[in-house]
Amino acid sequence: MDSPIIGKRRIQFWFVVLASFLLWLLILYIFHSTPIVAKPGVSLVGDNLANSVNFGDSNSVLLPENSNESVDRLPSKGNFISEETEDFVEPVKDTNVKDVVVKEKNAKENWFKYKPFSNFSAGDYGLENFDHVVVSERQVHLNNQTGLAENEVQFVSQVPNSETSKEESDDEVAISQNGFEPTGSLSLVENRNESITKESSNEDVDSESDLCLGRYIYVHNLPSRFNEHLLKHCQSLTNWTDMCLFTSNGGLGPRLPNFNRVYSKTGWFATNQFLLEVIFHNRMKQYKCLTNDSSLASAIFVPYYAGLDVSRYLWYSNTSMRDAASLELVKWLREKPEWKKMWGRDHFLVAGRITWDFRRMGKNDTDWGNKLMLLPESRNMTMLIIESSPWDNIDFAIPYPTYFHPSNDNEVFQWQHRMRRQKRRFFFSFAGAPRPNLQDSIRNEIIDQCRASRKKCRLLECNGRINRCYKPVYVMKMFQSSVFCLQPAGDSFTRRSTFDSILAGCIPVFFHPGSAYVQYLWHLPKDYTKYSVLIPANDVKNGKVSIEKILSRIPKEKVRAMREAVIRLIPKVIYADPRSRLVTVEDAFDVTVKGVLDRVEKIRREMREGKNSSFSYPEELSWKYNLFGTLGEHEWDPYFART
């Protein structure tokens, strides 16, 4: 009677065992089939991560589209400072995988909206306006389906060029095929691995070996009216142009189409020459040695968009409107404890216009500019500007923005190599407009000599209804095809064209030492004969010299050496894409920051010793002291004699 019951119990027992085994197998299968997010030793890099970052948020950690850069090289000290304190973005490390994880933030209001715009007039206060690109609506394509952020404007070429792709791919392999490898450079893979090792090892480094000692920079959290607010109202930044298109991509402007294969594959933008302060500020957000503790800072950055502010009122306004923001700024700074530490001597500011826009001496509404650089507080700061005054000791010139903003080291190396093998059909060239209203201008004489040389000189005139100087493709193509590029003064000493020609590997020819030699002290060699030619302007004006004959007397070996020197200067005069970081290459931003830190350290040392070299010589001789360190007679004295 009991056996059937026992048999049933045995069946139930084995059924439970079998069911448990199958359930265990199912759980095991589900566990192993789940996608693995990360494993130790695997870096979370690539397009998926890059595209997850909101490029439109200026306070986010920005990475370029299709970036080869590793996010493991981002700062490890929480050094991302936004315009507002609540927008602080802190890198968080996963202790298990040792990878940097970036919090994605919600996008702010998108003020980078495309609107139709007109061009500046041909003579916008002394500059050729090569950056005022003529763009039609059919050239602009707001493409959100290709992985671009909403506010990232991309130019789309209407006619695809198969040859372009071929040349660009040739550029990518040119370094390896021709054996060109810059001294001291590493491959991107080696650099990425090295950066991972350094990032993890830096966690154990004590303060005595801190690589940022003496390099820390504190960024003032200014009220938004001094910077961000200006960009939100970009359509009112000038009387001539809606600047909203140019403020896209972190101040780089829209991407340039590679018509006629003039540019390399990536890194080219229609950059406005007056957007330097925006570009610099965004680059500063990527600086490795930012600090939230001002007591650690060797220098303090003031992110005031002085050029954009004054550009709203340069025409048709009164002096009180032009001076208002500058007066508010210095009042705000005076009340900060950071200011009282050295009374502003450790502060620095970037202004994206020439010095004369900030040095109004008079009080009449008809007098040009504002008085930012004449304020007592400003006299204590280091002012970085695209053109400085040779007769003042507070402002230092840094390069104009060019159209090239690389995202990694290889883009720089490839472009340099391309300029080395570039065929140059023209002996010399000039891009510019005459200055009939300036008595001392030599532009008419230069244009006449260029026309007389015909086959040897290429002329790109910046006037008339069809103005090709407004289109970067024509300017860059001409410079790339020229051995020498003439760079006479315009309404002021300097020109953006100088840096466009250096970028193209074209040897600049100056006619006044104030156009470069006494300006860009940190970025250009003191021995100007290594990379340029100086022809006295008076000799050209009086018809005493032939530009063609002077240049033709330079030995070919010397010309080749000068061109190589120019090409080697390219990294120092370009600003990398703010959404990335170069590894082995120092760009114009890096060189500038070093110059500022050295200057502030010298001032700090002099203050401890009770000295001040700024007052040890007449300020009107600043050009001579800064360049040569002496005040004796010099052959350039007639150039800088103030009448």
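So, how was this worked out
Here the residue index of a chain counts from 1 through its sequence in written order. pLDDT decides what is reported in this predicted model: residues at 70 or higher carry local features, side-chain atom pairs at 80 or more are listed and counted, and totals for whole chains, interfaces and linings draw on all residues regardless. The side-chain quantities take in all heavy atoms of the structure and omit both hydrogens and water. UniProt positions are given in the numbering used here, feature names are shortened, and annotations may be inferred rather than shown by experiment. Strands are runs of DSSP state E lasting at least 2 residues, helices are runs of H or I lasting at least 4, and numbering of each runs from the N terminus. In this scheme, a residue with accessible area under 20% of its type's maximum is buried, one over 50% is exposed, and one in between is partly exposed, where area comes from a 1.4 Å probe on protein chains only. We call two residues in contact whenever any of their non-hydrogen atoms come within 4.5 Å of each other. The Shrake-Rupley method, run with a 1.4 Å probe, gives the accessible areas here. Residue values count only the displayed protein chains as cover. Cysteine sulfur atoms that pair up within 2.5 Å are treated as a disulfide. Side-chain atoms alone can form a polar contact between residues adjacent in sequence; in general such a contact is a pair of N or O atoms within 3.5 Å, and within protein one must be able to donate a hydrogen while the other accepts it. To estimate the expected span of a helix, subtract one from its residue number and multiply by 1.5 Å. A pair of strands is labelled paired if DSSP reports no fewer than 2 bridges between them. Every angle, taken between N-to-C directions, lies between 0 and 180 degrees, and every axis is a line fitted to C-alpha atoms, over only the stretch in contact when it is a helix. Patches draw on residues past 30% relative accessible area with no salt bridge. Two like charges within 9 Å are joined, as are two nonpolar side chains (Val, Leu, Ile, Met, Phe, Trp, Tyr) within 5 Å. Any Lys or Arg side-chain nitrogen found within 4 Å of a carboxyl oxygen on Asp or Glu counts as a salt bridge.

Naming follows an unreviewed UniProt entry, where the protein appears as Xyloglucan galactosyltransferase gt11 of Quercus suber. Of the comments in the UniProt record for the protein, the one headed Sequence similarities (unreviewed entry) reads "Belongs to the glycosyltransferase 47 family." Of the comments in the UniProt record for the protein, the one headed Subcellular location (unreviewed entry) reads "Golgi apparatus membrane".

Counting its secondary structure elements, the protein contains 18 helices and 14 strands. Here the protein, with 643 residues, has 53% of them falling under the buried criterion. Sequence separation of 24 or more characterises 74% of the internal contacts of the protein that already satisfy a separation of 6 or more. Carbon and sulfur atoms make up 52% of the accessible area of the protein, which amounts to about 30,100 Å² in all.

With that settled, consider the state of the cysteines. Within this structure, the stated rule accounts for 5 disulfides. Covalent S-S linkage joins C234 and C244, the inter-sulfur distance amounting to 2.0 Å. The sign of the S-S torsion, about 100°, decides the handedness of the disulfide formed by C234 and C244: right-handed. With C234 in the loop between α5 (228–232) and α6 (276–284) and C244 in the loop between α5 and α6, the pair connects residues that are 10 residues apart, well separated along the chain. Just as C234 is buried, C244 falls in that class too.

A few words now on the side chain of K624. Along the polypeptide, K624 turns up in helix α18 (residues 622–628). A relative accessible area of 4% means that K624 is categorised as buried. Here G632 takes part through its backbone oxygen, which lies 2.9 Å from a polar atom of the side chain of K624. Apart from the residues within four sequence positions on either side, K624 is in contact with G629, T630, L631, G632, E633, H634 and D637.

A separate point is the environment of R312. Looking at the secondary structure, you find R312 in the loop between α7 (306–311) and α8 (319–334). The residues touching R312, leaving out its near neighbours within four places in the chain, are L230, S236, L237 and N239. Of note is the side chain of R312, whose polar atom sits 2.4 Å from the side chain of D309.

Once that is clear, we can look at helix α10 (residues 409–420). Under the 1.5 Å per step criterion, the end-to-end length of α10 is 17 Å for 12 residues, consistent within 8% with the ideal 16 Å. A large share of α10 lies buried, amounting to 10 of its 12 residues. The set of residues buried in α10 consists of D409, E411, V412, F413, Q414, W415, Q416, H417, R418 and M419. For α10, the side-chain oxygen to backbone nitrogen distance between the N-cap and N410 is 3.2 Å, and the N-cap itself is N408.

Once that is clear, we can look at the sheet that holds strand β14 (residues 533–534). Read from one edge to the other, the open sheet built from 5 strands follows the order β11-β10-β12-β13-β14, with strand pairing classed as parallel. The open sheet has two free edges, formed respectively by β11 (457–461) and β14, since each of these has just one partner strand. As defined by bridge partners, strand β12 (residues 482–487) adjoins strand β13 (residues 507–510) across 4 bridges and the pair is classed as parallel. Residue pairing in the sheet places L486 in a bridge with V509 of β13.

On to the sheet that holds strand β9 (residues 395–397), then. Read from one edge to the other, the open sheet built from 5 strands follows the order β5-β6-β7-β8-β9, with strand pairing classed as parallel. The open sheet terminates on both sides in strands that have one partner only, identified here as β5 (217–219) and β9. Between one strand axis and the next, the sheet turns by 30° as a mean value, whatever way the strands run. Here strand β6 (residues 299–302) runs beside strand β7 (residues 347–354); their pairing, made up of 3 bridges, is parallel. Bridging from a neighbouring strand, I300 pairs with H347 of β7. Sitting on the sheet, α6 is in contact with β5, β6, β7 and β8 (382–387), with an inclination near 145° to β7.

Time to look at the pairing of strand β10 (residues 426–432). Counting buried residues in β10 gives 6 out of 7 residues, a clear majority hidden from the surface. Direction of pairing for β10 relative to β12: parallel, over a ladder of 3 bridges. By the bridge assignment for β12, F428 is matched with F484.

Residues L18, F21, L22, W24 and L25 make up a contiguous nonpolar surface patch of roughly 520 Å² in combined accessible area. Considering the arrangement of structural elements, one finds L18 in helix α1 (residues 3–33). For L18, a relative accessible area of 47% translates into the label partly exposed.

Let us now look at the pattern of salt bridges. When the charged atoms of two side chains with opposite charge come close together, those side chains can pair. The tally for this structure, following the rule as stated, stands at 25 salt bridges. With its nearest N and O atoms 3.5 Å apart, the salt bridge here joins D392 to R359. On the criterion of sequence distance, the pair formed by D392 in the loop between β8 and β9 and R359 in the loop between β7 and β8 is long-range, its members being 33 residues apart. Exposure remark for D392: the relative accessible area of 14% places this residue in the buried category. Under the relative-accessibility criterion, R359 is labelled buried at 10%. One connected set of salt bridges, linked through shared partners, spans R359, R379, D392, D395 and E619.

Here Q273 shows up in the loop between α5 and α6. The class of Q273 is buried, set by a relative accessible area of 1%. For the pair Q273 and R496, spaced 223 residues apart in sequence, the C-alpha separation works out to 7.1 Å.

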